[in-house]
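# Structural overview
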Amino acid sequence: MKNPLFPDIYIKSIYELPLEYLEEKGIKVLAFDIDNTIAPYDVAEPDDSAVELFAYLKKRGFRLILLSNNHKERITIFNRKLNVTAVYKAGKPSGKILKKVVEKMGYKGSETAVIGDQVFTDVWCAHNVGGIGIYSQPMCNRDQLITKVKRPADKLVMALYKRRKGI
Ligand SMILES: [Mg+2]
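Residues numbered from 1 in each chain as written. Predicted model: local features only at pLDDT ≥ 70, side-chain atom pairs only at ≥ 80, totals over all residues. Heavy atoms only, no water.

## Quick notes on the overall build of the chain
What the chain contains, in helices and strands, is six helices and six strands. Taken from N to C terminus, the helices and strands of the chain fall in the order β-α-β-α-β-α-β-α-β-α-β-α. The C-alpha radius of gyration of the chain comes to 15 Å, within 12% of the 15 Å expected for a compact globule of 167 residues. In the chain, which comprises 167 residues, the proportion classed as buried is 48%. For the chain, the proportion of contacts with a sequence separation of at least 24, taken over those separated by at least 6, is 68%. With the model as given, the accessible surface of the chain reaches about 8,800 Å², and the carbon-plus-sulfur share is 53%. Positive and negative charge centroids in the chain, built from 28 and 19 side chains respectively, lie 5 Å apart. (Helix = DSSP H or I, 4+ residues; strand = E, 2+ residues; numbered from the N terminus. Rg over C-alpha atoms; globule rule 2.2 N^0.38 Å. Buried < 20%, exposed > 50% of the residue type's maximum accessible area, 1.4 Å probe, protein only. Contact = heavy atoms within 4.5 Å. Areas by Shrake-Rupley, 256 points an atom, 1.4 Å probe, with all protein chains shown as cover. Lys, Arg positive; Asp, Glu negative; His and termini not counted. Charge placed at Lys NZ, Arg CZ, Asp CG, Glu CD.)

Structure below.
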């Protein structure tokens, strides 16, 4: 059986997304984690490169979601320059909320990729909706307290994954 915590794709940053491959796999929706994936958790807004990337992805035809377990204010402020569907308190790793949002857009969980820096929230959430889990290396070493507690388990899973893949 496939390990639900092992990512399908491993990238160093969101700028390395294998877009052609995702399109070939029928992925229509990209759901991005925010903290330590698009920006450090203590940075309120996306930088210009992230804003450009999102504009490009939209133009290319992807539907975009910000999918964060963080609170409403954080997500609302972060989304001001991105203007995508923004989901706060997303309940990751559960896929319940994500599935609802994706279906409301007219797509299926299996047409969705989740991009994030944590296997226990983001990658697992992707697999819970039958989608593709993309692990993007954490942007920096600073973590919110709750993430700091969970990070060692995440690191362990990624070490096993890398060993399995020979990375
Ligand atoms: Mg994160």
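## Description of the coordination of the magnesium ion
D33 (OD), D35 (O) and D117 (OD) make up the full set of protein donors to the magnesium ion, lying at 2.1 to 2.2 Å. Between consecutive donor residues of the magnesium ion, the sequence gaps follow D-x1-D-x81-D. Here D33 matches D35 in class, with each residue buried. (Donors = N, O, S within 2.8 Å, 3.2 Å for Na, K, Ca; no water.)

## Focus: the pattern of salt bridges
This structure, assessed with the given rule, holds eleven salt bridges. The shortest N-O distance in the salt bridge between E103 and K99 comes to 3.3 Å. With E103 and K99 both in helix α4 (residues 96-104) and four residues apart, the pair spans about one turn of that helix. Residue classification places E103 among the partly exposed residues on the basis of a relative accessible area of 43%. The partly exposed category is assigned to K99, whose relative accessible area is 39%. (Salt bridge = Lys/Arg side-chain N within 4 Å of Asp/Glu carboxyl O.)

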